[in-house]
Amino acid sequence: MPAATKNPRVTTAPVKEAVLAGAVDLARAAAEEVALPGQVGEHRGVVVEGDRLLTHVFESLVPGYRGWHWAVTVARPPRGRSATVCEVELLPGDGALLAPDWVPWSERLRPGDVGPGDVLPFVEDDERLEQGYEATGEDADELAIFELGLGRPRVLSAEGRAQALTRWYEGDRGPFAPSAKAAAAPCSTCGFFMKLAGSPRTVFGVCANEWSPDDGRVVSVDHGCGAHSETHGPEPVSLWQSSEPVIDERDLEVLATHPVAPEVVASVDDGAAGSEAGTTEPTTDGSPDEA
């Protein structure tokens, strides 16, 4: 791309290169061959790029490209009497709407951008990782396991661990989350708190409570929620003030009465008649027995 066509120093005055300056029709034909019909406007002038090198500038009528222009660069060999088209470009001018500078994907990517079918490219010199046999400390795999072929090629470096732990602690699963500020007790005293392995176990664990919004996620020891294993929910408040019942054991209250008929056990007349008649019954020995 010619350097002067970014902000062209357009001139319409006669130039030394009369052959190249007069090749307006040739330059327009080249631009119209690249553009769609009706997208090449009026000729705005020429820009001298160097010896036997000149650029014709045309107005751009491309929709959405306001402030842009067609730049057609022509040249000729020494002692040549005809112009040759070198390149045709649509270039921005002053006040043109431009796209932002390109940013690498590693700087544009944010947590949550990777979908189920997305695959990230391999990063060979990732500062967050280091070779498995170089890892030392509490979080490193044993060298003997690596030599047996059971280890991982790369593991987290100290920088990678620091970035991850800082991101987790300052995120929604740390002590600054709204649920943690409203919780009555921290996760460190909850029975559903499962500590991580290695050095992160002093600060982080995994929630194993299915009723918690953080179930299956990494939480800090000073995080919290309303599903703590040792807390109770608020007691419901009664709509009225209840009082103890009043019982008076010394007062008898008659609720209802009804007459009861007497029950006859034996007839008095029947007993008296038997005694007056003097009835006797014979005994076994033949002597009368007085009833």
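K.L.:
Give a detailed account of the overall build of the protein, specifying residues and quantitative values.
P.N.:
Scanning the protein for helices and strands turns up seven helices and 11 strands. Residues counted as buried form 24% of the 291 residues belonging to the protein. When contacts within the protein are restricted to residue pairs at least 6 apart in sequence, long-range pairs at least 24 apart make up 51% of them. Summed over its atoms, the accessible surface of the protein is roughly 22,000 Å², and 54% of this surface lies on carbon and sulfur atoms.

K.L.:
Any details on the side chain of S212? Residues and values, ideally.
P.N.:
With respect to the helices and strands, the residue S212 is situated in the loop between β8 (204-207) and β9 (218-220). Since its relative accessible area comes to 7%, S212 is described here as buried. Those residues in contact with S212 that sit more than four places away from it in its chain are C207, C225 and A227.

K.L.:
Lay out the confidence of the model for the protein in plain terms, naming residues and giving numbers.
P.N.:
Scored by pLDDT, the protein has a mean of 79; 77% of the residues are at 70 or more. A low-confidence stretch, residues 1-5 (pLDDT under 50), is modelled with 18 contacts involving residues beyond four sequence positions or located in other chains.

K.L.:
Account for the packing of aromatic side chains, naming residues and giving values.
P.N.:
Applying the stated criterion across every chain, the model contains four aromatic pairs. Ring centres of Y65 and W68 lie 5.0 Å apart, and the angle between their planes is 80 degrees; on these two criteria the pair is classed as edge-to-face. W68 gets classed as buried once you look at its relative accessible area, which sits at 18%. Aromatic pair Y169 and F204: ring centres 6.3 Å apart, planes at 85 degrees, arrangement edge-to-face.

K.L.:
Tell me about the pattern of salt bridges, and name the residues and values.
P.N.:
A full pass over the atoms with the stated rule returns four salt bridges. Note that E59 and R44 form a salt bridge whose closest N and O atoms lie 2.9 Å from each other. Pair noted here: E59 is in strand β2 (residues 53-60) and R44 is in strand β1 (residues 40-50), with a separation of 15 residues, a long-range link. By sharing partners, the salt bridges in this structure join E42, R44 and E59 into a single network.

K.L.:
Could you give an account of the sheet that holds β8, with specific residues and numbers?
P.N.:
The three strands lie next to each other as β7-β8-β9, forming an open sheet whose pairing is antiparallel. With one partner strand each, in any of the chains shown, β7 (193-195) and β9 form the two edges of the open sheet. When the angles between neighbouring strand axes are averaged without regard to direction, this sheet yields 50 degrees. Judged from the three bridges that link them, β8 and β9 form a sheet pairing that is antiparallel. Counterpart to G205 in the pairing with β9 is V219.

Scoring rules and cut-offs
Residues numbered from 1 in each chain as written. Predicted model: local features only at pLDDT ≥ 70, side-chain atom pairs only at ≥ 80, totals over all residues. Heavy atoms only, no water. Helix = DSSP H or I, 4+ residues; strand = E, 2+ residues; numbered from the N terminus. Buried < 20%, exposed > 50% of the residue type's maximum accessible area, 1.4 Å probe, protein only. Contact = heavy atoms within 4.5 Å. Areas by Shrake-Rupley, 256 points an atom, 1.4 Å probe, with all protein chains shown as cover. pLDDT = per-residue confidence, 0-100. Phe/Tyr/Trp six-rings, centres within 6.5 Å; stacked < 30°, edge-to-face > 60°. Salt bridge = Lys/Arg side-chain N within 4 Å of Asp/Glu carboxyl O. Pairing = 2+ DSSP bridges. Axes fitted to C-alpha atoms, helices over the stretch in contact; angles between N-to-C directions.

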